[in-house]
Amino acid sequence: MISCKKAGVLIEKKLAHKLNTVEGMELFFHTIVCKACRNYEAQSAFIEKALTREKNTDKHKPSSDLKEKIHKSLEEPK
Ligand SMILES: [Zn+2]
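On a predicted model such as this, the values are computed, not experimentally measured, just so you know.

J.: Tell me about the nonpolar core, and please be specific about residues and values.
T.: With five residues, the main nonpolar core is built from Ala7, Leu10, Ile11, Leu27 and Cys37. The leading source of residues in this core is helix H1 (residues 4-15), at three residues. The residues contacting Ala7, other than those within four sequence positions of it, are Ile2, Leu27, His30, Cys34 and Cys37.

J.: Tell me about the packing of H1 against helix H2 (residues 21-33), and please be specific about residues and values.
T.: Following both chains from N to C, one finds H1 and H2 inclined at 120°, their axes separated by 10 Å at the closest point. Relative to H2, the element H1 lies oblique. In this structure, H1 crosses over H2, and the sense of that crossing is left-handed. Residue-level contacts link Ala7, Leu10, Ile11, Lys13 and Lys14 of H1 to Glu23, Glu26, Leu27 and His30 of H2. Classifying every residue of the contact of H1 with H2 by side-chain character gives four nonpolar, one polar and four charged.

About the thresholds
Residues numbered from 1 in each chain as written. Predicted model: local features only at pLDDT ≥ 70, side-chain atom pairs only at ≥ 80, totals over all residues. Core = buried A, V, L, I, M, F, W, Y, C linked by C-beta atoms within 7 Å. Buried ≥ 20, exposed ≤ 12 C-beta atoms within 10 Å, placed from the backbone. Helix = DSSP H or I, 4+ residues; strand = E, 2+ residues; numbered from the N terminus. Contact = placed C-beta atoms within 7 Å. Axes fitted to C-alpha atoms, helices over the stretch in contact; angles between N-to-C directions. Parallel < 35°, antiparallel > 145°, perpendicular 65-115°, else oblique. Left-handed = near helix turned anticlockwise from the far one by under 90°. Nonpolar A, V, L, I, M, F, W, Y, C, P; charged D, E, K, R; others polar.

Set out below in structure tokens:
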């Protein structure tokens, strides 16, 4: 079993998409038994997601709101 310290390192690697299969398995089995690291992983993933979304706000991507409007206008007969 890997230590919590190593699990922390692997969680960071996972968020950077640099985890290999063996490391992924090690982290997976650690987080099954270790609640602290499971929480840490969930928190880190949440923060990472929030930061990524922040970075992407300036990109030209149709929002789900806009998509819905388009769908509605297509469905409604004129
Ligand atoms: Zn742990």
